[in-house]
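Residue-level structural notes
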Amino acid sequence: MAPEESTVRLYNRLEDDLGKDVASVLVENFATKKDLEQLATKHELTAGLSDLELRIHRTMLSGTLVLVTTNVALWGSAVALLR
């Protein structure tokens, strides 16, 4: 793959992920392909961490809802038995 072609592919990837304006500024201000690749890698890592954080929060919310539901059912049973 020609260096120009890989640079264009990287620019297109940045444009898809970050938007045209940001990608243009980055390409203008970063002189080397290595700089752009590192930035793309950091963006992928950030996106991956955000996805992981979202999944952790959803799992915690599900667990909390199960715990609350179980407690309500147990307290309801205890009240019904005491009547």
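Predicted model, so just to flag it, every value in this text is computed and none were measured.

Comments concerning the overall build of the chain
In terms of helices and strands, the chain carries 3 helices and 0 strands. Counting across all 83 residues of the chain, residues that qualify as buried make up 8%. On the chain, roughly 6900 Å² of surface is accessible, and the fraction owed to carbon and sulfur atoms is 63%.

Points about the pattern of salt bridges
Taken as a whole and assessed by the stated rule, the structure comprises 1 salt bridge. Of the charged contacts in the structure, one is a salt bridge between Asp51 and Arg55, with a shortest N-O distance of 3.7 Å. Taken together, the residues Asp51 and Arg55, both in helix H3 (residues 33-82) and 4 residues apart, mark about one turn of the helix. Look at Asp51 and you get partly exposed, because its relative accessible area is 39%. Accessibility expressed as a relative area gives 47% for Arg55, which makes it partly exposed.

Quick notes on the confidence of the model for the chain
On average, residues of the chain score 82 in pLDDT, and 89% of them reach the 70 mark or higher. Within the chain, no element has a lower average pLDDT than helix H2 (residues 20-29), which sits at 77, and none a higher one than H3, at 87.

Description of a nonpolar patch on the surface
On the surface, Leu45, Leu49, Leu52, Ile56 and Met60 cluster together to form a nonpolar patch covering roughly 480 Å² of accessible area. In this structure, Met60 sits in helix H3. According to the relative accessible area criterion, Met60 is exposed, its value standing at 52%.

What to know about the environment of Leu10
By secondary structure assignment, the location of Leu10 is in helix H1 (residues 3-18). Of the residues examined, Leu10 reaches a relative accessible area of 9% and is grouped as buried. For Leu10 and Glu37, which are 27 residues apart along the polypeptide, the C-alpha to C-alpha distance reads 7.4 Å.

Definitions and cut-offs
- Residues numbered from 1 in each chain as written.
- Predicted model: local features only at pLDDT ≥ 70, side-chain atom pairs only at ≥ 80, totals over all residues.
- Heavy atoms only, no water.
- Helix = DSSP H or I, 4+ residues; strand = E, 2+ residues; numbered from the N terminus.
- Buried < 20%, exposed > 50% of the residue type's maximum accessible area, 1.4 Å probe, protein only.
- Areas by Shrake-Rupley, 256 points an atom, 1.4 Å probe, with all protein chains shown as cover.
- Salt bridge = Lys/Arg side-chain N within 4 Å of Asp/Glu carboxyl O.
- pLDDT = per-residue confidence, 0-100.
- Patch = residues over 30% accessible without salt bridge, like charges linked within 9 Å, V, L, I, M, F, W, Y side chains within 5 Å.

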